[in-house]
Amino acid sequence: MSETPRAKTFVFMDLEATGLPNVDPEIAEISLFAVHRSSLENFVRDDKGMPVLPRVLDKLTLCMSPQRPFSAKASEITGLSSEGLARCQKASFDGAVVRTLQAFLSRQEGPLCLVAHNGFDYDFPLLCTELQRLGAHLPPDTICLDTLPALRGLDRAHSHGTRAQGRKGYSLGSLFHRYFQLEPSAAHSAEGDVYTLLMVFLHRAGELLAWADEQPHHWAHIGPMYTPPEPLSLHD
DNA sequence: TGCCAGGCCCTCTTTAGGGCCTT
């Protein structure tokens, strides 16, 4: 019997931020789709084979103004900019964001499993950094699933003994195209990418649920991407 | 001037190199 209870709600997430880890990025947009395990176990497909989005789905998407500038590339691909966010009077990733996030998560049956693509190397450490800066925490029994190594691992196990034909792409867009022969819509909006992630997950739902159950990664073991700079002193 | 992620995976590998993946 596993010591870790199976997650009851899967929270699919994506972050848009000011850049890649080499610039110590800050979050500019976060999107979460919370889906109960029962919906993932019992989803249906339409007549074209596309998974039908679960009818019962909680969504949260928030934009916020980072305190440091966007890299040119990040601004280009996300369509977000410091000026645009400031014009809309968006506050930074602050206590209000944390309380909203915690309230959203508290509505879901736990334990929770956060799901992100390349989450171990990007989304989870970056979210951890922002939460740590504010002294905030997620529920202690939260686990997390990174669909990038999970899908690579599943495919490797599937093709064991046979030579895989060529090197497959495992970007979120590549997976969506491979599974559905379609281009993902609204790439690099946080909500668009979470939708793409959820569709990719549903296509392999049985295997990915088993993966999450059999090798849970605890949120408590996620470390920050970097140490945030000290808050500005009142004395300059 | 030079600094400017990092863990994983594949292969023309293992005494290594290079590309992927996230913005």
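Residues numbered from 1 in each chain as written. Chains lettered and ligands numbered in written order. Predicted model: local features only at pLDDT ≥ 70, side-chain atom pairs only at ≥ 80, totals over all residues. Heavy atoms only, no water.

Asker: What is the right way to look at unusual backbone geometry in this model?
Answerer: The general pattern is negative phi for most residues beyond glycine and trans for most peptide bonds. Residue Pro 111 is reached from Gly 110 by a cis peptide bond, and omega for that bond is 0 degrees. The topology assignment puts Pro 111 in the loop between helix H4 (95-106) and strand E4 (112-116). Although it is not a glycine, Gln 181 adopts a positive phi angle of roughly 55 degrees. Tracing the chain through its elements places Gln 181 in the loop between helix H7 (172-180) and helix H8 (190-203). The exposed category is assigned to Gln 181, whose relative accessible area is 56%. In this structure, His 188 takes a positive phi of about 70 degrees despite not being glycine. By secondary structure assignment, the location of His 188 is in the loop between H7 and H8. (Helix = DSSP H or I, 4+ residues; strand = E, 2+ residues; numbered from the N terminus. Buried < 20%, exposed > 50% of the residue type's maximum accessible area, 1.4 Å probe, protein only.)

Asker: Explanation requested: the state of the cysteines in the structure shown.
Answerer: Chemically, a disulfide is nothing more than a covalent bond linking the sulfur atoms of two cysteines. Across all of its chains, the model carries zero disulfides by this definition. Residue Cys 63 stays outside any disulfide, its sulfur separated by 8.2 Å from that of Cys 88, the closest cysteine. On the basis of relative accessible area, Cys 63 is assigned to the partly exposed category, the value being 30%. (Disulfide = S-S within 2.5 Å.)

Asker: What should I look at first to understand the pattern of salt bridges in this one?
Answerer: A side chain of one charge can pair with a side chain of the opposite charge when the charged atoms of the two come close. This structure, assessed with the given rule, holds 11 salt bridges. Between Arg 37 and Glu 41 there is a salt bridge; the shortest N-O distance is 2.9 Å. Here Arg 37 pairs with Glu 41, and both are found in helix H1 (residues 37-41), just four residues apart, close to one helical turn. The class of Glu 41 is partly exposed, set by a relative accessible area of 42%. Glu 191 is the salt-bridge partner of Lys 59, the closest N and O atoms lying 3.3 Å from each other. (Salt bridge = Lys/Arg side-chain N within 4 Å of Asp/Glu carboxyl O.)

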